[in-house]
Amino acid sequence: MPEPSHESSTEPPGEPPPPSAVTANGAAVSVSGEGVPPGAPAITREGNTVEAVAPLAGAQEAPAPAEEGRFAFLARAGEVLSSSLDEPTVLRQLAELVVPALADWCTVDVVTPSLAVVRRAAAHRDPSLVPTVYAIAERWALRDNGSQGVAQVLGTGQPRLIREVPEQDFLALARGNEALEETWRLGCRSVMLVPLVARGRVLGCLSLMSGTAGRFGECDLELARELARRAALSLDNALLYGEARQAQARTARLQAVTAALSRAATEDAVAQVLAREVWEASGATRVAVLALEEDGLVRPLRVLGYPEDALAAFNRPPSGAARRGLQDLRRESGWFGSLEEFLARYPEDAELARRLGPGARAVVPLWGDTRARGLLLLAWPEPRVFPVAERAFLEALAHQCAQALERTALYEALRERTERLRQALVTGDMGTWRLDLVRGKELRDAALNHMLGLPAVDSSVRVGDMLEHLHPEDRPHVEAEFRRHQRGSPGFFELEFRVMRRGGGVRWLHSVGQSFAGPDGKVTELTGAMADITRRKEAEERLQLLLDASRVLALRLDDVEAALPEVARLVVDHVATGCLVDLAAPDGTLRRVTAAHRVPEHDERLHAALAGMDRGPAHPALQCFRTGEVCFLSRLDFKWCGAVSASDAHRALVDSLEPTSVLAVPLRARGRTLGVITLFTAEPQRTLVAADVKMAEELALRLSVALENARLFHDAQSAVRLRDEFLSVASHELKTPLTSLILQHNLIGRALETAGTPGPVTGRLNTARRQVLRLTALVDNLLDVSRMSLGKLALERAEVDLAELTRDALERLGDVFTQAGCSLRLELPRTLTGQWDALRLDQVLVNLLSNAAKYGAGHPVSVRAGVDARDEAWVEVRDEGIGIEADALPRLFGRFERAVSERHYGGMGLGLYISRQIVEALGGRIDVDSQPGRGATFTLRLPRNAGEARPPPALEP
């Protein structure tokens, strides 16, 4: 609004004022003079106009104050107007100052924040006529954007002076207009309209009326303007004070809302607080708080004043247009002063909006830190304008609600995660702890106290209390680790240790933690979690027991009974307090083989009682042996101890052991019960459980298999000894007829030579001789094998020339190489002596040379010999024949093993086996190198002195 300026009448002094032209309701009339009420229709005469003023009442004319009293009046007015900061009081005092000092009656019209013009004060000489003045304003609504009267003053900010309102023309204009007629009757002959302007803003209009024509002049207008200026300042101060009080009230309400929301732990409670506060603060008749899901769906949280069909609309998924509208509203608030404005923005919601009735509407998003959490819907029954302060207040409420909703969502998520963590800790046997080194406190949660056998509640104790629950064997190193982390730099740590439960028993705990430093860099806090890993440790001990027992049994395959004490010791080291092993005797009774106990004193007593047979019929081992079934007693009482003993000494032994649980498992194999293994526990050792039964059954199975395998091994050894003895005897018995047969062949040959009739008989005789010699060699090989198996292979060491021995063997096998078509290449030293058995070494050389002739037929054969750097004699026999496959090399020296087809090459597969046994008995070895199609090279290595010979390995059965 422009600043107000003094506007005087346009006529020169002493002449009648020029007319003014105004119009009202589309009609125009002509009157003479001025004095038209402000806001009334314009009255026109002879082309000149005067302005109509608002319909007011007329009264008797009051004398204007004297010139000398104007300053006193203004001073008193300033004092009265500044005495209050209440807007109605200021306006009322302004009207009371004017009447009757300046005018017969007056009105004060104020522009509201919604740009409506409202009459806030009125005064009259006759107080009974004041209601009529207000009634006229209600019948004649004023606007701040009009072009005449009060509207013009409010629009331009310029004062108006109408010295005289022509009676005849005014009455002609007012004919049929009740408001104008009422104004004239009240008295409206001279009018001043003065704007109330403060800080460049037109706050209202002060209208002064007199029933005497020409009553007001320029001096009166100046006085009125000064009074209006001071009144405007007081009114502005009152408005500012009112706004400050409203801001204070809104701030207090925001604080109250903040406090209420801080106590709201659920979204329903948050919505209830928001709906109640908005309902009370805004004056809205309908309030709805809606939640916006991340998938775009709307969910009502709190609804006040809406009908049932609106609630149903809130619960339906939004359409495409409605979804786009919601997306727009998520970004900024929507303020709609009327139903028409709302429909212009969202025509798709016209049907529901019309059903809800006319009036203003507002949609405020509940915008949090990351996204819109919901919407706040408000509705008023009448159109209205939303001041900036009100918008900011409602948006602040909405933002606080959005933050509260985010907080409740986080709280709900935290509560859910906390519950999941608690369930995980309980399910996983885990607990948390914290050491506050500054306050000297140790904090443990309920789960950890439960693992320690303490009341399952959170506790705060002195630092070091946890160390008192540690197992005595683990306490030193655990305490040292904790002390190190308290004094060292911050970091992570991990430990495993045992604790003693208050109610008895031992538990394994796995602790993971971290240390934190204070401002000075020193560790002030340690925190972490502990998990009960007892079951895992017990499972590891069971598995380790089975592994160790299998290893021990594998090393004693031939004498399992000698390994049973070590197995019993493994049982008491890993699982039980004591272990007893009984085996079936030949007479069908149960004999105690071994026993073990963790406590050395009891271990000695158990070993001393091994020979005793004073167990009672209820003894678990006897019951298990009789039935062949597992006997498991998880909890024992004193009555049981008396039933297992048949003597006082045995009862005293059982009482001293104080068993708490007993497990007896049969050793069964091939349908026979071989014995019983018995495990028992005593305090503080834990009692046996079902998992221990499974482990004991597996251990019993391995013991049974080992015992059965040992029995079968001994049986096999006996059978092999019988076989070897038979072969030895048979070989000796076969040697006698073969020797006689050879002698007879020689005699027949001589007789044929003497008779001079060689003929065909000589050829057949030679063939028979070769077959007998071959049979003799086979019998000799069988005899050697039997001797080796029985360990009766005798060696007669003497000084032997290996080079000469090789030449003799080659000379004897000359016909063999000739028939095979093999040429010989020799590289032998003149002499190569050593301490060997000449006969057995010749047997080895013949086997190697015969194989070279057999498998290298048609190819050269080379024989070399010498001494290496370690003073070992060596002989190499190389052929260029068929060679040997790589997969056949490892088994080449086995008994009855062959690398080629027996059908094509014959033989029993004993030559290389016997050769290896002889060479190893002499302390040497035989190596072979071969590739298919490229021949084979056999290298014999022998120590030259008997003292340097390595001990021969155990012979294969």
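Here's what I pulled together on the structure shown here. The residue count restarts for each chain, going from 1 along the sequence in the order it is written. With the structure being a predicted model, the display of local features is reserved for residues of pLDDT at least 70 and the display and counting of side-chain atom pairs for 80 or more, all residues being used for whole-chain, interface and lining totals. Excluded from the side-chain calculation are hydrogens and water; included are all heavy atoms of the structure.

Some words on the overall build of the protein
- Secondary structure elements follow DSSP: runs of H or I no shorter than four residues count as helices, runs of E no shorter than two count as strands, and numbering proceeds from the N terminus. Scanning the protein from terminus to terminus reveals 28 helices and 30 strands.
- The proportion of buried residues among the 957 residues of the protein is 46%.
- Every residue pair with non-hydrogen atoms within 4.5 Å of one another is taken to be in contact. Within the protein, residue pairs in contact and separated by at least 24 positions form 64% of the contacts whose partners lie at least 6 positions apart. A simple rule labels every residue: compare its accessible area, found with a 1.4 Å probe on the protein chains alone, to the largest value its type can have, and call it buried under 20%, exposed over 50%, or partly exposed in between.

With respect to the environment of Arg230
- Structurally, Arg230 is set in helix H7 (residues 218-263).
- Spatially, the C-alpha atom of Arg230 lies 9.4 Å from that of Val197, the residues being 33 residues apart in sequence.
- Excluding its chain neighbours within four sequence positions, the residues that come into contact with Arg230 are Leu74, Ala75, Gly78 and Leu81.

Details of the packing of helix H26 (residues 838-855) against helix H28 (residues 911-921)
- To get an axis, fit a line to the C-alpha atoms, keeping to the stretch in contact for a helix; angles then go from 0 to 180 degrees between the N-to-C directions. At a closest axis distance of 9 Å, the pairing of H26 and H28 adopts a crossing angle of 145°. Note on packing geometry: the crossing formed by H26 with H28 is left-handed. In this structure, H26 uses Arg840, Gln843, Val844, Asn847, Leu848 and Asn851 to contact H28, whose residues at the interface are Gly911, Leu912, Ile914, Ser915, Ile918 and Val919.
- Any residue outside Ala, Val, Leu, Ile, Met, Phe, Trp, Tyr, Cys, Pro, Asp, Glu, Lys and Arg is labelled polar, Gly included; the first ten of those are nonpolar and the last four are charged. Of the residues belonging to the contact of H26 with H28, the class tally is 6 nonpolar, 5 polar and 1 charged. Handedness of a helix crossing follows the sense of rotation of the near helix relative to the far helix, less than a right angle counterclockwise being left-handed and clockwise being right-handed.

Comments concerning the environment of Ala700
- Residue position: Ala700 is located in helix H22 (residues 690-755).
- On the basis of relative accessibility, which here comes to 2%, the residue Ala700 falls in the buried class.
- Once the C-alpha coordinates of Ala700 and Ala664 are considered, the two residues, 36 residues apart in sequence, prove to be 9.8 Å apart.
- Excluding residues within four positions of it along the chain, Ala700 makes contact with Val665, Pro666, Leu667 and Ile677.

Concerning the pairing of strand S20 (residues 590-597)
- By the criterion of burial, S20 is predominantly enclosed, with 7 of the 8 residues buried.
- Here strand S19 (residues 578-584) runs beside S20; their pairing, made up of 7 bridges, is antiparallel. Residue pairing in the sheet places Ala584 in a bridge with Leu590 of S20. What makes two strands pair is DSSP finding at least two bridges between them.

Here we look at the sheet that holds strand S10 (residues 334-336)
- One open sheet holds the 5 strands; their spatial order is S9-S8-S12-S11-S10, and the pairing between them is antiparallel. With partners counted over all chains shown, the strands left at the sheet margins are strand S9 (298-304) and S10, one partner each. Adjacent strand axes in the sheet meet at a mean angle of 15° when their direction is disregarded.
- Pairing of strand S11 (residues 361-367) with strand S12 (residues 372-379), which is carried by 7 bridges, proceeds in the antiparallel orientation. Residue pairing across strands places Val363 opposite Leu377, the latter belonging to S12.
- Helix H8 (residues 267-282) rests against strand S8 (286-292), S9, S11 and S12 of the sheet, and its axis sits at about 45° to S9.

Overview of the pairing of strand S13 (residues 430-436)
- Both S13 and strand S18 (residues 523-532) contribute to a ladder of 7 bridges, which runs antiparallel. Bridge pairing in S18 places Met430 opposite Ala531.
- Bridge analysis of S13 against strand S14 (residues 441-444) gives 4 bridges, and the strand direction is antiparallel. Pairing of Trp433 across the sheet is with Arg444, part of S14.

Regarding the nonpolar core
- Here the nonpolar core consists of buried residues drawn from Ala, Val, Leu, Ile, Met, Phe, Trp, Tyr and Cys, with membership extended through side-chain atoms lying within 4.5 Å. With 41 residues, the main nonpolar core has Leu802, Phe817, Leu841, Leu849, Val875, Phe938 and Leu940 as its most contacted residues.
- Counting only elements with at least two residues in this core, the list comes to helix H24 (802-812), helix H25 (814-820), H26, strand S27 (861-867), strand S28 (872-879), H28 and strand S30 (936-943).
- Per element, the largest residue contribution to this core is 7 residues, and it comes from H26.
- Beyond its immediate sequence surroundings of up to four residues, Phe938 is in contact with Leu848, Val875, Glu876, Val877, Ile884, Leu892, Phe893, Leu912, Ile926, Asp927 and Val928.

Notes on the pattern of salt bridges
- The term salt bridge refers to a pairing of a side-chain nitrogen on Lys or Arg with a carboxyl oxygen on Asp or Glu at a separation within 4 Å. Applying the stated rule across the entire model yields 52 salt bridges.
- A salt bridge links Glu540 to Arg536, with the shortest nitrogen-to-oxygen separation between them at 3.2 Å. Here Glu540 and its partner Arg536 are both found in helix H16 (residues 534-555), 4 residues apart, which amounts to about one turn of the helix.
- Between Arg702 and Glu698 there is a salt bridge, and its shortest N-O distance comes to 3.0 Å. One end of the pair, Arg702, and the other, Glu698, are both in helix H22, 4 residues apart, so they sit about a helical turn from each other.
- By relative accessible area, which is 29% here, Glu698 ends up partly exposed.

Structural notes on the sheet that holds strand S23 (residues 672-682)
- Spatially, 5 strands are ordered S20-S19-S23-S22-S21 in an open sheet, and the strand pairing comes out antiparallel. Pairing within the sheet leaves two strands with one partner each, and these edge strands are S20 and strand S21 (631-633). Adjacent strand axes in the sheet meet at a mean angle of 15°, parallel and antiparallel pairs treated alike.
- Against the sheet, helix H18 (residues 600-608) engages S19 and S20, with an angle of about 170° to S20.
- Sheet strands touched by helix H19 (residues 620-627): S19, S20, S21, strand S22 (659-669) and S23. Its angle to S22, the strand with the most contacts, is close to 30°.

A few points about helix H15 (residues 475-487)
- Spanning 13 residues, H15 covers 18 Å between terminal C-alpha atoms, matching the ideal 18 Å at 1.5 Å per step.
- Along H15, the positions that sit buried rather than exposed are Val478, Phe482, His485 and Gln486. What you see down the axis of H15 is that its buried residues fit within an arc of 105°, all on one side. When the buried face of H15 is taken as reference, the exposed residues oriented beyond 90 degrees from it are Pro476 and Arg487.
- Looking at the buried positions of H15, the neighbouring elements they touch are S13, strand S16 (492-500), strand S17 (506-517) and S18. Given the number of residues in a helix, its expected span is that number minus one, multiplied by 1.5 Å. It is the directions from the helix axis to the C-beta atoms whose arc is reported.

Concerning helix H17 (residues 560-574)
- Relative to the 21 Å expected for 15 residues at 1.5 Å per residue, H17 spans 21 Å between its end C-alpha atoms, a close match to the ideal helical length.
- When we look at burial in H17, the residues that qualify are Val560, Ala563, Leu564, Val567, Ala568, Leu570, Val571, Val572 and His574.

Some points on the side chain of Thr678
- On the secondary structure map, Thr678 appears in strand S23.
- For Thr678, a relative accessible area of 3% translates into the label buried.
- The residues touching Thr678, leaving out its near neighbours within four places in the chain, are Gly578, Cys579, Leu580, Ala621, Val662, Leu663 and Ala664.

Here we look at the side chain of Asp465
- Within the fold, Asp465 resides in the loop between strand S15 (459-462) and H15.
- For Asp465, a relative accessible area of 14% puts it in the buried group.

Comments concerning the packing of H7 against H8
- With their axes 10 Å apart at the nearest point, H7 and H8 run at an angle of 165° to one another. Here H7 is positioned roughly antiparallel relative to H8, judged by the angle of their axes. Crossing angle aside, the handedness with which H7 passes H8 is right-handed. In this structure, H7 contributes Arg253, Val257, Ala260 and Leu261 to the contact, and H8 contributes Val270, Val273, Arg276, Glu277, Glu280 and Ala281. Any angle between 65 and 115 degrees counts as roughly perpendicular, while under 35 counts as roughly parallel, over 145 as roughly antiparallel, and the rest as oblique.

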